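Next come the chains, spelled out residue by residue.
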Amino acid sequence: VFRRWDEYIVGSAVTLHARARYKSMITRCRYETMVAFLTSDALKERPELPQLFDVPVLLPYGDEDIVMKGELGQKVLATYKKKPETAVVPKAARLLPLENPLALNEAIRAFWRVFGDGK
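Residues numbered from 1 in each chain as written. Predicted model: local features only at pLDDT ≥ 70, side-chain atom pairs only at ≥ 80, totals over all residues. Heavy atoms only, no water.

1. What about the overall build of the protein?
In plain terms, the rule: Only DSSP runs of H or I covering at least 4 residues are called helices, and only runs of E covering at least 2 are called strands; the numbering of each starts at the N terminus. A contact between two residues is defined here by any heavy atoms of the two lying within 4.5 Å. All accessible-area figures derive from a Shrake-Rupley calculation using a 1.4 Å probe, and residue coverage is judged against the displayed protein chains alone. His is not counted here, nor are the chain ends, while Lys and Arg score as positive and Asp and Glu score as negative. Charge placement uses NZ in Lys and CZ in Arg. For Asp and Glu, CG and CD serve respectively.
Regarding its fold elements, the protein presents 7 helices and 2 strands. Scanning the protein from its N terminus toward the C terminus, one meets helices and strands in the order α-α-α-α-β-α-β-α-α. Dimensions of the protein, computed from C-alpha atoms along their principal axes, come out at roughly 40 × 35 × 25 Å. Long-range contacts, defined here as pairs at least 24 residues apart, represent 67% of the contacts in the protein between residues at least 6 apart. As displayed, the protein offers around 8,600 Å² of accessible surface, 59% of which is attributable to carbon and sulfur atoms. Between the centroid of the 19 positive side chains of the protein and the centroid of its 15 negative side chains there is a distance of 3 Å.

Here is the structure:
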């Protein structure tokens, strides 16, 4: 699983430390937990769930994230009641906290500077 996901889950600038941490996360996960995750259709069973969010939502994604930059990403954004705010994190793909934690933190801070007062 790690070898297959490692092909697309991290960006080209990922550090060796971040890649090792990701591998550790995968290899320490119980197999049945991983199978449950991979076969879960929980959101498909609750398609109305994103429509229930009546608060500002931030969906950060990496500049090398092929999933969120594509058609699936547009589909995800369209499922929310209010269009989510997005933040593109540089030098990252899907593992933002491992790949570029400083940029992710700044994106979250910027979001809260705008929406943190209850707007």
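2. Here we look at helix α2 (residues 16-27)
Rules: To estimate how far a helix should extend, the number of its residues minus one is multiplied by 1.5 Å. Only protein chains enter the accessibility calculation, which uses a 1.4 Å probe. A residue is then buried if its area is under 20% of the maximum for its type, exposed if over 50%, and partly exposed in between.
Taking 1.5 Å of rise per residue, 12 residues should cover 16 Å, and α2 covers 16 Å from first to last C-alpha, within 8% of that figure. For α2, the full list of buried residues reads A18, Y22, S24 and I26. Buried residues belonging to α2 abut α1 (2-6), α3 (31-38) and α6 (96-99).

3. Notes on the packing of aromatic side chains
Quick note on the threshold: A pair of aromatic rings is counted whenever rings of Phe, Tyr or Trp (Trp by its six-membered ring) have centres within 6.5 Å, and the orientation is called stacked for planes under 30 degrees apart, edge-to-face for over 60 and tilted otherwise.
Inspection of every chain in the model, using the stated rule, returns 3 aromatic pairs. Aromatic side chains F53 and Y80 sit 6.0 Å apart centroid to centroid with 35° between the ring planes, which places their arrangement in the tilted category. Residue F53 is located in the loop between α4 (42-45) and β1 (58-62), and its partner Y80 is located in the loop between α5 (71-78) and β2 (85-89); the two are separated by 27 residues in the primary sequence. Classification of Y80 by relative accessible area gives buried; the value is 16%. The interplanar angle of 40° and the centroid separation of 5.0 Å between the aromatic rings of F111 and F115 together place this pair among those described as tilted. Placement of both F111 and F115 in helix α7 (residues 101-115) is noted, with a separation of 4 residues, approximately one turn of the helix. Members of the aromatic cluster, joined through ring pairs, are F111, W112 and F115.

4. Focus on the nonpolar core
In plain terms, the rule: Throughout, nonpolar core names a set of buried Ala, Val, Leu, Ile, Met, Phe, Trp, Tyr and Cys residues whose side chains join them through atoms within 4.5 Å.
If you look at the biggest cluster of nonpolar residues, it comprises 10 residues: F2, W5, I9, V10, V14, A18, Y22, I26, M34 and L95. Listed by contribution, the elements that provide at least two residues to this core are α1 and α2. Take this core: its biggest share by element is 3 residues, from α2. Residue contacts for V14: discarding those within four places in its chain leaves R19 and E99. If you look at the next biggest cluster of nonpolar residues, it comprises 5 residues, including V89, A92, A103 and L104.

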